[in-house]
Amino acid sequence: MQSAERLYIIGNGFDLHYGIKSSYKDFLSYLETNDPLLAEVLFEICSGELWRNFEEALGSLSPGCLFSNAFNLIDSDDEGDFEWERQSASWNYHYQAMRKEVDVGKLSKVFRSWIQQIDTSAAHSDGVIVDTDDTRYLTFNYTMTLEERLGIDPRKILHIHGSAEDEQLIFGHSGALSAEPLAPQAFYEQDMLEELRIKFIHQTKKPVHLILANSLSWLKALSTVHEIIVAGFSLDR
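Attention here is on the structure that accompanies the text. What you see is a predicted model, and the numbers here were worked out from it, not measured in a lab.

## Quick look at the pairing of strand E1 (residues 6–10)
Right, on to step 1. Of all five residues in E1, five are buried, a share of seventy percent or more.
Right, on to step 2. Burial along E1 is two-sided: the residues Arg6, Tyr8 and Ile10 and Leu7 and Ile9 are all buried.
Right, on to step 3. Pairing analysis gives five bridges linking E1 to strand E2 (residues 135–139), with the strands arranged parallel. Of the residues in E2, the one forming a bridge with Arg6 is Thr135.
Right, on to step 4. In this sheet, strand E4 (residues 227–231) lies alongside E1 in parallel orientation, the contact comprising five bridges. Directly across from Ile10, in E4, lies its bridge partner Ala231.

The following block contains the structure:
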């Protein structure tokens, strides 16, 4: 291949341009159908418009958000015999249920399943991309649209967050807003929920340094690029 002279930096708007259902709104719709309980929990504990800024919402779990009675298991009745024991037991049931849903492994698995079933057949050569031997593609998309629909040599493409063919995909937030725990709570299970929240925030942070290290040789080969074209991004900040 010739040395790189032109670089396309491609975001999800590129796929959306062809009507491909690859937005996080589409993912949440998939989640509601395939794992409605996980979808309900995410909508319950994440602040803001989850579908609009899904990745950043994962790092914005506010202190105490996992206390939400999402499973209707928490006993708030403070009267009667053994009320403390009953409430403690109910918090334990709630914690066990929340631990099964607020799990990065589970979320990653369903996210990858969604990526693999995305239909990219609507994509076609329409002049948005002009492929030449000296062109390279840095894409933030997981789909194989460039390779499978536009026939571009995979050696010229870097899926910076992984692709549908990979076992592990990278997704998550750029930095947590609040990863500090609350002061000790009345029930031990509440403290455990706070530990679960903080663990989830840390585990869903994108490993930026690792991504750059793994991509370094490909990125260094871009030193000869003199033209950069950005496609498919909404630049809001």
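## A word on the pairing of E2
Right, on to step 1. Extensive coverage of E2 is indicated by the burial of five of its five residues.
Right, on to step 2. Along E2, one buried face is formed by Thr135, Tyr137 and Thr139 and the opposite face, lined by Arg136 and Leu138, is buried too.
Right, on to step 3. Bridge count between E2 and strand E3 (residues 157–159): three bridges; the pairing is parallel. Looking at E3, one finds that Leu138 is bridged to Leu158.

## Things to note about the side chain of Arg136
Right, on to step 1. Mapping Arg136 onto the fold places it in strand E2.
Right, on to step 2. There is no salt bridge for the buried Arg136, and the closest opposite charge comes from Asp133, which lies 5.8 Å off by N-O distance.
Right, on to step 3. There is a polar contact of 3.0 Å between the side chain of Arg136 and the backbone oxygen of Asp133.
Right, on to step 4. Those residues in contact with Arg136 that lie beyond four places of it in its chain are Met1, Gln2, Ser3, Ala4, Arg6, Leu7, Tyr8, Lys156, Trp218 and Leu222.

Rules behind the numbers
- Residues numbered from 1 in each chain as written.
- Predicted model: local features only at pLDDT ≥ 70, side-chain atom pairs only at ≥ 80, totals over all residues.
- Heavy atoms only, no water.
- Buried < 20%, exposed > 50% of the residue type's maximum accessible area, 1.4 Å probe, protein only.
- Helix = DSSP H or I, 4+ residues; strand = E, 2+ residues; numbered from the N terminus.
- Pairing = 2+ DSSP bridges.
- Lys, Arg positive; Asp, Glu negative; His and termini not counted.
- Salt bridge = Lys/Arg side-chain N within 4 Å of Asp/Glu carboxyl O.
- Polar contact = N/O pair within 3.5 Å; in protein donor to acceptor, adjacent residues only side chain to side chain.
- Contact = heavy atoms within 4.5 Å.

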